[in-house]
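Listed here are the chains, written in short residue letters.
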Amino acid sequence: MAGIEIHWSGLFKVAEVSLLFGVGIVAVFALGVLGLSKAEAAKSAPSGSAARATGLATAGVAFAACCAALLYGLYLLIPQFH
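This section reports on the structure supplied with the text. (Residues numbered from 1 in each chain as written. Predicted model: local features only at pLDDT ≥ 70, side-chain atom pairs only at ≥ 80, totals over all residues. Heavy atoms only, no water.)

Here's the deal with the overall build of the protein chain
Note the cut-off: Helix and strand definitions here come from DSSP, where helices need a minimum of 4 consecutive H or I residues and strands a minimum of 2 consecutive E residues; each element is numbered from the N-terminal end. For the radius of gyration, the atoms used are the C-alpha atoms, and the globule rule reads 2.2 Å times the number of residues raised to 0.38. Residue burial is assigned from relative accessible area. The probe radius is 1.4 Å, only protein chains are included, and a residue is buried under 20% of its type maximum, exposed over 50%, and partly exposed in between. Contact between two residues is taken to exist if any of their heavy atoms lie within 4.5 Å; hydrogens are not considered. To measure how exposed things are, a 1.4 Å probe is used in the Shrake-Rupley method; for residues, cover is taken only from the protein chains shown.
When its secondary structure is counted, the protein chain shows 2 helices and 0 strands. Against the 2.2 N^0.38 benchmark of 12 Å for 82 residues, the protein chain shows a C-alpha radius of gyration of 20 Å, more extended than a compact globule. By its C-alpha atoms, the protein chain is 75 × 25 × 15 Å across when sized along the principal axes. Residue burial in the protein chain is summarised as follows: out of 82 residues, 11% are buried. In the protein chain, the proportion of contacts linking residues at least 24 apart, taken out of those at least 6 apart, comes to 48%. For the protein chain, the exposed area adds up to about 6,500 Å²; of that, 74% sits on carbon and sulfur atoms.

So, the pattern of salt bridges
What counts, and what does not: Salt bridge, as applied in this entry: a Lys or Arg side-chain nitrogen positioned within 4 Å of an Asp or Glu carboxyl oxygen.
Enumeration according to the criterion identifies 1 salt bridge in this entry. Close ionic contact of Lys43 with Glu40 constitutes a salt bridge, the shortest N to O distance being 3.3 Å. One end of the pair is Lys43 and the other is Glu40, both in helix H1 (residues 8–43) and 3 residues apart, which spans about a single turn.

Details of the packing of H1 against helix H2 (residues 49–77)
Using the following cut-off: Structural elements are reduced to axes, namely lines fitted to C-alpha atoms, with helices fitted over the stretch in contact, and the angle between N-to-C directions of any two is expressed from 0 to 180 degrees. Orientation is classified from the angle alone, with under 35 degrees giving roughly parallel, over 145 giving roughly antiparallel, 65 to 115 giving roughly perpendicular, and any other angle giving oblique. In this scheme the handedness of a crossing depends on how the near helix is turned from the far one: anticlockwise by less than a right angle means left-handed, clockwise means right-handed. Residues are grouped as follows: nonpolar covers Ala, Val, Leu, Ile, Met, Phe, Trp, Tyr, Cys and Pro; charged covers Asp, Glu, Lys and Arg; every other residue, Gly included, is treated as polar.
Where H1 contacts H2, the axes come no closer than 7 Å and their chain directions differ by 155°. Between H1 and H2, the angle is such that the two are roughly antiparallel. Crossing handedness for the pair H1 and H2: left-handed. Here Ile25, Val28, Phe29, Leu31, Gly32, Val33, Gly35, Leu36, Ala39, Ala42 and Lys43 of H1 lie close against H2, whose contacting residues are Ala51, Arg52, Gly55, Leu56, Thr58, Ala59, Ala62, Phe63, Ala65, Cys66 and Ala69. By residue class, the composition of the contact of H1 with H2 is 16 nonpolar, 4 polar and 2 charged.

A short note on the environment of Ile78
Assignment of secondary structure puts Ile78 in the segment after H2. A sequence separation of 32 residues divides Ile78 from Pro46, and the C-alpha atoms of the two residues are 50 Å apart.

Remarks on the packing of aromatic side chains
Rule in force here: Each Phe, Tyr or Trp ring, with Trp reduced to its six-membered ring, pairs with another whose centre is within 6.5 Å; inter-plane angles below 30 degrees give stacked pairs, above 60 give edge-to-face pairs, and intermediate values give tilted ones.
The final tally for this structure, using the stated rule, is 3 aromatic pairs. Ring geometry for Trp8 and Phe12: centres 6.1 Å apart, planes at 35°, overall tilted. With Trp8 and Phe12 both in helix H1, this residue pair falls 4 residues apart, about one helical turn.

Structure below.
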């Protein structure tokens, strides 16, 4: 094992990007859950149709972003796709 060399800067870059994307995806998913929660709370309000639509739109965009990130990760992992 004398010929193995670790490129520490590359390792730290990969760790940094992984941490940022991991935290980012969780934050975007939480934003989607918050949007659903606001839409559900606005359903019982007397004039909450605009708030309900905004909550559902926020949730839809957030969950679509999570789905896009998932599909991009699968694209990177499966060699037959590229």
